[in-house]
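The residues making up each chain are set out below.
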Amino acid sequence: MSEKKRSIDPAALEILKQAEEMGIATAFDRADEMRPCPIGAKGQCCKLCGMGPCRITKEGQTGICGATLDTIAARNLVRMIAGGAAAHSDHGRDMAFALIAVAQGEAPGYEIKDAGKLLVMAKDLGVGTEGRTIEEIALEVGQVYLGEFGKQRGEVIYASRAPEARQQLWRQEGLMPRGIDREIVEIMHRTHIGDDQDAEHILRQGLRTAIADGWGGSMYATDISDVLFGTPSPLVTKVNLGVLKEDEVNVVIHGHEPTLSMAVVDATRDPELIEYAKSKGARGINIAGICCTSNETLMRQGVPSAGNFLNQELAIITGAVEAMVVDVQCIMQALGPLSEKFHTKLITTSPKVKIKGAVHIEFDEHRAPEIAKEIIKTAIDNYPNRKEARIPDFTTDLVPGFSHEYIRYMQGGYYRASFRPLNDAIIAGRVRGAAGVVGCNNPRVCHDAAHHYIVTEFLKNDVLVVQTGCGAIANAKYGLLLGEAAMEYAGPGLREVCEAIGIPPVLHMGSCVDNSRILTLLTEVATEGGVGTDISDIPVVGVAPEWMSEKAISIGTYCVASGVYTLFGVGSPVEGSEEVTRLIGEGWEELVGAKLELGLEPEDIVKRSLAHIDAKRKALGLAEYDPSRFGRSGDRRMEAWLALREKGEPVSLYREPRLK
Ligand code: BF8
């Protein structure tokens, strides 16, 4: 595969060339060298007991126990959901422990930053607030959250945040999750040899577990992060490998849980450590993020992002990273041997994650500032070991931080905050619909290309886009998370809305656990009125064009369970079974009002999404999409800019429109 097809990110391409010259292999090379196992890729392999692994490759063939292809494919899919839900939810559990430690005054360096949000959470959880201190409320909220993981009966409490009709449907169909851990364990039990053998029945447990992730573990993780570190609102920062600095100590934070990264960010601002860095010949300490840790710190402290999933190895290959500090999830094992080829110290911090070749400095929220300082000191001590550094000169500005609270606020300010303007824009057809384009990178497809193509096509077609995870970082690199992008890419109606509110056409809503924010946003849209009463009524789609992780599969499944038609790129892990493909498609549409379609090409994703959005508009009796009705501006400079563009003059995003 030529390098041109490997990525559309110029910084990534530059470093890949450098890696080739140095004889260093990356995930891009390993993906070229090792084709996916054709049997496993399609869900046709069962390795759940010692009689196998059984490979089902012929019509009518079964495993040694008699398991059919449909049973095997369904089991494999729900085990992926269990893995993804476990990762998100265990993250949520650790956030609950952190909240409790803060409430008990045992977590120096942390504080309750958003008490208002804590009170909203307390109300939803049934925690009394009258006459109690914030710490007392936080303690009980934390304890209720912890109880949610091990709960055996009843309902996951935040599921009551879903629209009423959705909750009824979940109850009626037996999909309402009882406790988060219980649902995950039940998948592991049901998929053990000799248990649940009916594909449709197995898949139902996949839905229930995914709901426990989206409306449980992930939503708890998001809420506690906001309480402890602040609910995001827009700010300006930068993205791509060019955020690393030639003359400073570069610390890259990578992973997912914000407890560690926030403490490390604080430590980089410690005057004593800055002086210490200077004593080693550096001008200061520079911090940058990778993956979802980056999303957490981008949107709260404006910490620049060095990139997404496929940028992690490339950051080390610049030779400019003194320390890469990791916690959990999406950390390639390749970082261990790779860091040994450079001076970079790979520092693992989670009691759950050790990597050969890494230094382990275990994080504990009870001693966060002390540990964070030790980490930064380790990085500073490593600065004199830096040899040649080649940092690609590419950065782009972006505006992250659109929490659903801020999205409501921006539509009316403090006194009239609501979702009315957005709903009215959808009803009028200015905004044709909305799309959540989320998820990973995958070296099996061109890095960032599908994210960029699909999102620019949506914008052209007046579809408002929200993004999280590595997808958000992808399009940030290409300028789509800036207000100017509306002028350059958006169709006429969407451009009007973005111009009037002053927002980018692509709203960054956070990390992967923050897909829960999208669920809350959709609920607010549904309850605001005019576009139906349930999420499945709204003209909206969910897309993961470059997915690779089990978390992505869990997210896709809870989106579907919530009523959002969801489309994935790359490949389908159930392709081998027509029946399972039908069950998660038409079958789930009948059951929960939305389909999950996997392994689609980007062009097909756009085509199917727009058709779905138009069909939902029609079902709601809304005006047919007609972009010719919109596109005027009340701003003279904007009109001039648009007139220039109309004449076919080359107008740039950054060029001032000429006024006569
Ligand atoms: O949780 S998008 S590659 S970093 S799994 Fe991982 Fe995928 Fe990135 Fe965040 Ni989400």
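All of these numbers come straight from a predicted model, not from anything done at the bench. (Residues numbered from 1 in each chain as written. Predicted model: local features only at pLDDT ≥ 70, side-chain atom pairs only at ≥ 80, totals over all residues. Heavy atoms only, no water.)

*Asks:* I keep staring at the overall build of the chain and nothing clicks. Help me out?
*Replies:* Of regular secondary structure, the chain possesses 27 helices and 16 strands. A compact globule built from 660 residues should have a C-alpha radius of gyration of about 26 Å, and the chain, at 24 Å, falls within 12% of that. Across its three principal axes, the chain shows a C-alpha extent of roughly 75 × 65 × 65 Å. Counting all 660 residues of the chain, 61% fall into the buried class. Long-range contacts, defined here as pairs at least 24 residues apart, represent 75% of the contacts in the chain between residues at least 6 apart. Accessible area for the chain stands at about 25000 Å²; split by element, carbon and sulfur atoms hold 51% of it. (Helix = DSSP H or I, 4+ residues; strand = E, 2+ residues; numbered from the N terminus. Rg over C-alpha atoms; globule rule 2.2 N^0.38 Å. Buried < 20%, exposed > 50% of the residue type's maximum accessible area, 1.4 Å probe, protein only. Contact = heavy atoms within 4.5 Å. Areas by Shrake-Rupley, 256 points an atom, 1.4 Å probe, with all protein chains shown as cover.)

*Asks:* What is the right way to read the confidence of the model for the chain from this model?
*Replies:* Any segment with low pLDDT has predicted coordinates that should not be analysed in fine detail. Across the chain, pLDDT averages 95, with 98% of residues at or above 70. Per-residue pLDDT stays below 50 along residues 655-660; that stretch engages in 15 contacts with residues further than four places along the chain or on separate chains. (pLDDT = per-residue confidence, 0-100.)

*Asks:* What exactly am I supposed to notice about the packing of helix α6 (residues 134-150) against helix α9 (residues 199-229) here?
*Replies:* Axes are the key here: two packed helices are described by the angle between their axes and the distance separating the axes. Across the interface, α6 lies against α9 with an axial gap of 11 Å and an inter-helix angle of 165°. With respect to α9, the axis of α6 lies roughly antiparallel. Crossing of α6 against α9: the hand is left-handed. Contacts between α6 and α9 pair Tyr145, Glu148 and Phe149 from the former with Gly217, Tyr220, Asp223 and Ile224 from the latter. Here the contact of α6 with α9 is composed, by residue class, of 4 nonpolar, 1 polar and 2 charged. (Axes fitted to C-alpha atoms, helices over the stretch in contact; angles between N-to-C directions. Parallel < 35°, antiparallel > 145°, perpendicular 65-115°, else oblique. Left-handed = near helix turned anticlockwise from the far one by under 90°. Nonpolar A, V, L, I, M, F, W, Y, C, P; charged D, E, K, R; others polar.)

*Asks:* What should I look at first to understand the nonpolar core in this one?
*Replies:* The tendency in soluble globular proteins is for nonpolar side chains to be buried side by side. By size, the foremost hydrophobic cluster in this structure holds 170 residues, and its most contacted members are Val141, Tyr145 and Phe458. Setting aside anything within four residues of it in sequence, one finds phenylalanine 458 in contact with Ala435, Val437, Val463, Val465, Val541, Val543, Val606, Ser609 and Leu610. Grouped together as the second largest cluster of nonpolar side chains are 39 residues, Ala11, Ala19, Ile316 and Val321 included. (Core = buried A, V, L, I, M, F, W, Y, C linked by side-chain atoms within 4.5 Å.)

*Asks:* Help me out: how do you make sense of the coordination of the nickel atom of the ligand in this one?
*Replies:* In an ideal octahedron of six donors the angles at the metal are 90 or 180 degrees, and in an ideal tetrahedron of four donors they are 109.5 degrees. The sole protein-derived ligand of the nickel atom of the ligand is Cys512 (SG), positioned 2.2 Å away. Every donor counted, the 4 donor atoms about the nickel atom of the ligand form angles of 91 to 156° at the centre, which fits irregular coordination. Turning to its location among the elements, cysteine 512 is positioned in the loop between β13 (506-508) and α23 (515-528). (Donors = N, O, S within 2.8 Å, 3.2 Å for Na, K, Ca; no water. Tetrahedral: all angles 85-135°; square planar, octahedral: opposite > 155°, others 65-115°.)

*Asks:* So what exactly am I meant to see when it comes to unusual backbone geometry here?
*Replies:* One can expect most non-glycine residues to show negative phi and most peptide bonds to be in trans. Between glycine 52 and the following residue, proline 53, the backbone shows a cis peptide bond with an omega angle of 0°. Looking at the element boundaries, proline 53 is found in the loop between β1 (45-46) and β2 (54-55). Phi angles above zero are rare outside glycine, and cysteine 291 is one such case at about 60°. Structurally, the position occupied by cysteine 291 is in helix α12 (residues 291-301). Taking relative accessible area as the criterion, cysteine 291 reaches 1% and is therefore assigned buried. Located in the positive-phi region is cysteine 330, a residue other than glycine, with phi close to 65°.

*Asks:* Explain the pairing of strand β12 (residues 463-467) to me, please; I cannot follow it from the model alone.
*Replies:* Consecutive residues of a regular strand have side chains that alternate between opposite faces of the sheet. Counted residue by residue, β12 has 5 buried out of 5 residues, so it is predominantly covered. Residues of β12 alternate between two faces, with Val463, Val465 and Gln467 on one and Leu464 and Val466 on the opposite face, all of them buried. As paired strands, strand β11 (residues 433-437) and β12 are joined by 5 bridges and run parallel to one another. Its bridge partner lying in β12, alanine 435 is registered against valine 465. On the question of chirality, the crossover connecting β11 to the parallel β12 by way of helix α19 (residues 449-460) is right-handed. Where β12 lies against β13, 3 bridges are found, and the strand directions are parallel. In the sheet register, valine 466 faces β13, and the bridge partner there is leucine 507. (Pairing = 2+ DSSP bridges. Right-handed = clockwise from strand over helix to strand, strands pointing away.)

*Asks:* Whenever I open this one, the sheet that holds β11 confuses me. Can you help?
*Replies:* What holds strands together in a sheet is hydrogen bonding between their backbones, with the strands either parallel or antiparallel. What the 6 strands build is an open sheet, ordered β13-β12-β11-β14-β15-β16; its pairing is parallel. The sheet is open, and its two borders are formed by β13 and β16 (596-597), each paired with just one other strand.

*Asks:* Explanation requested: helix α24 (residues 550-561) in the structure shown.
*Replies:* A rise of 1.5 Å per residue sets the reference length of α24, with its 12 residues, at 16 Å; its end C-alpha atoms lie 17 Å apart and thus fit the reference within 8%. Among the 12 residues in α24, 11 count as buried, and that is most of the element. Within α24, the full set of buried residues consists of Lys551, Ala552, Ile553, Ser554, Ile555, Gly556, Thr557, Tyr558, Cys559, Val560 and Ala561. Two or three places before lysine 551, at the start of α24, stands the capping residue serine 549, its side-chain oxygen 3.2 Å from that residue's backbone nitrogen. Phi for glycine 563, located one or two positions after α24, is positive at around 105°. (Expected span 1.5 Å × (residues − 1). Polar contact = N/O pair within 3.5 Å; in protein donor to acceptor, adjacent residues only side chain to side chain.)

*Asks:* I tried to follow the site of the ligand on my own but got confused; where do I start?
*Replies:* Every residue lining the ligand is accounted for by His256, Cys291, Cys292, Phe309, Cys330, Gly439, Cys440, Cys470, Cys512, Met548, Ser549 and Lys551. Residue histidine 256 places a side-chain N or O atom 2.7 Å away from an oxygen atom belonging to the ligand. Within the side chain of lysine 551, one N or O atom sits 2.8 Å away from an oxygen atom of the ligand. Along the lines of polarity and charge, the residues of the shell around the ligand split into 8 nonpolar, 3 polar and 1 charged. (Near = heavy atom within 4 Å.)

*Asks:* Is there a simple way to explain α6 in this structure?
*Replies:* Owing to its 3.6 residues per turn, the α-helix aligns residues three or four sequence positions apart on the same side. If you check α6, its first and last C-alpha atoms are 25 Å apart, about what 17 residues at 1.5 Å a residue would give, namely 24 Å. Along α6, the residues classified as buried are Ile137, Ala138, Val141, Gly142, Tyr145, Glu148 and Phe149. Projection of α6 onto a plane perpendicular to its axis shows the buried side chains occupying an angular sector of 135°, all on one side. Buried residues in α6 make contact with α4 (69-103), α5 (115-125), α8 (180-190) and α9. (Arc of directions from axis to C-beta.)

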